[in-house]
Amino acid sequence: MKFIHTADIHLGAQPDSMTAWSRARADEIWESFYRLLDRAEEEQTDLLLIAGDLFHRQPLKRELKEVNYHFSKLTHTQVVAIAGNHDPMTGQSNYLDFEWAPNVAFFRKNHMSYIYLEHLNTVIYGMSYDRKEIREGLYDNVRPMKRFKDGRPLPSDAIHILLGHGGDADHIPIQMERLKRAGFDYVALGHIHKPHLYQKAAIAYAGALEPVDRGDEGEHGYMAGIIDEERTLVDFVPFAKRAYRKLEVPVTADMTGAELLDRTRTALAEAGADDIYSLILSGVRSADVSFDRDRLMQLGNILSVTDQSVPDYDYYRLYQENADNIIGMFIERLKTMPVDQAVRDKALFHGMRAFDHAQRRD
Ligand SMILES: [Mn+2]
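What counts as what
Residues numbered from 1 in each chain as written. Predicted model: local features only at pLDDT ≥ 70, side-chain atom pairs only at ≥ 80, totals over all residues. Heavy atoms only, no water. Helix = DSSP H or I, 4+ residues; strand = E, 2+ residues; numbered from the N terminus. Buried < 20%, exposed > 50% of the residue type's maximum accessible area, 1.4 Å probe, protein only. Contact = heavy atoms within 4.5 Å. Areas by Shrake-Rupley, 256 points an atom, 1.4 Å probe, with all protein chains shown as cover. Pairing = 2+ DSSP bridges. Axes fitted to C-alpha atoms, helices over the stretch in contact; angles between N-to-C directions. Parallel < 35°, antiparallel > 145°, perpendicular 65-115°, else oblique. Nonpolar A, V, L, I, M, F, W, Y, C, P; charged D, E, K, R; others polar. Donors = N, O, S within 2.8 Å, 3.2 Å for Na, K, Ca; no water.

Undergrad: Kindly report on the overall build of the chain, identifying the contributing residues and their values.
TA: The helix and strand tally for the chain stands at 8 helices and 16 strands. If one aligns the C-alpha atoms of the chain with their principal axes, the spans along those axes are about 95 × 40 × 40 Å. Within the chain, buried positions represent 50% of all 362 residues. Across the chain, every contact between residues at least 6 apart in sequence was considered, and the portion connecting residues at least 24 apart equals 70%. On the chain, roughly 18500 Å² of surface is accessible, and the fraction owed to carbon and sulfur atoms is 50%.

Set out below in structure tokens:
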């Protein structure tokens, strides 16, 4: 049985508002989801698991119709989904009375239930959020069943999958060690946006399909797996159009502002123009150069510029210029302290920085 496990698609989100690329990102989240459905069709995936937060907020009726239309075009794939804390099935939710295509099963109950997919000989256990926060550990005592609710025995070779959403204190806390021993063939989790695979236990957070905010650094995609009589094999598949990344640009004491712009432009081109960056300037810069933050921001998809570079002080000149004030006294005092050169350099550097900061505040 071949499956794809996705979660936290957050349809309807518009990340990075106030940036030039924000509108495009809202569209890309939809496009990536439909691209994933294309992938399921190409690969003739048996089962598509959606572990909550398909939508970023309550879905509109027409949005459900759009998504359902795309589901209905799948010729082979069975879709099974739950609602998460972002799109809970509250009393007014459009989810509640929506009629899905025959190949779609959407858990509606706010407590654990199951569906049995006969053609896949697979039982899937799940529930949907009916509110934004659930503090009870509702997955703690779920175990694969031996019998159907009506007492008939399940086939002994049936596959058992738990579909869940949460894992922090306010969203169904999960005792991972306990869950590892529960005996499921696979546990498909959502809510934590960073993909994580517990390979031995066959438990995974698929992570957000596309990163949804600047905290979602690193690669994003989905989990793909096969379950046969002996075992479950799962792998993370990178799939997102973009990634949030930190990019460090080292500066040197002889670097001018224009040179930094050139260096940054080159570094961005090498790193990939689609990705979204937090720039970090590191190294040592000339004490009298200041970099043009606005122009750096315009070089690509730049969320922020953090200047961690440190000025290259000329201590001899500083002493000459400040012999009669507190800076001169500070340098004088350090020179006579019984510490080695490296420590003295560090103390000088930090001291000068503190003076600089204090002066800027005046
Ligand atoms: Mn969530």
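From this point, the narrative continues.
Undergrad: Requested: an account of the sheet that holds strand β7 (residues 159-165), with residues and values cited.
TA: Read from one edge of the open sheet, 6 strands run β5-β6-β7-β8-β10-β9, paired in mixed fashion. Both edges of this open sheet fall to β5 (113-117) and β9 (196-198), since each of them pairs with a single strand only. Neighbour to neighbour, the strand axes of the sheet diverge by 15° on average, direction disregarded. Bridging between β9 and strand β10 (residues 203-205) involves 3 bridges; their strand directions are antiparallel. Each residue of the ladder has a partner; that of histidine 196, found in β10, is tyrosine 205.

Undergrad: Quick rundown of the packing of helix α1 (residues 22-42) against helix α2 (residues 61-72)? Include the residues and the values.
TA: The geometry of α1 relative to α2 is characterised by a closest axis approach of 10 Å and an angle of 25° between their N-to-C directions. When the axis of α1 is compared with that of α2, the two are roughly parallel. Across the interface between the two elements, Trp30, Phe33, Tyr34 and Leu37 of α1 pack against Glu63, Glu66, Val67, His70 and Phe71 of α2. Counted by class, the contact of α1 with α2 contains 6 nonpolar, 1 polar and 2 charged residues.

Undergrad: How would you sum up the coordination of the manganese ion? Please name residues and give values.
TA: Coordination of the manganese ion by the protein comes from Asp53 (OD), Asn85 (OD1), His165 (NE2) and His191 (ND1), over a distance range of 2.1 to 2.3 Å. Motif for the manganese ion, donor spacing along one chain: D-x31-N-x79-H-x25-H. With asparagine 85 in the loop between β3 (78-82) and β4 (104-106) and histidine 191 in the loop between β8 (186-190) and β9, the pair connects residues that are 106 residues apart, well separated along the chain. For the pair formed by asparagine 85 and histidine 191, the shared burial category is buried.

Undergrad: Report on the sheet that holds β3, specifying residues and quantitative values.
TA: As a general point, the strands of a sheet are linked pairwise by backbone hydrogen bonds and lie either parallel or antiparallel. The 6 strands are arranged β4-β3-β2-β1-β11-β12 in an open sheet whose pairing can be described as mixed. Every interior strand has two partners, whereas the edge strands, β4 and β12 (232-238), have only one. Between one strand axis and the next, the sheet turns through 20° on average, direction left out of account. Across 3 bridges, the pairing between β3 and β4 is parallel. Counted as the bridge partner of valine 79 is valine 104 from β4. Across the face of the sheet, α1 comes into contact with β1 (2-6), β2 (47-51), β11 (221-227) and β12 while running at roughly 170° to β1.

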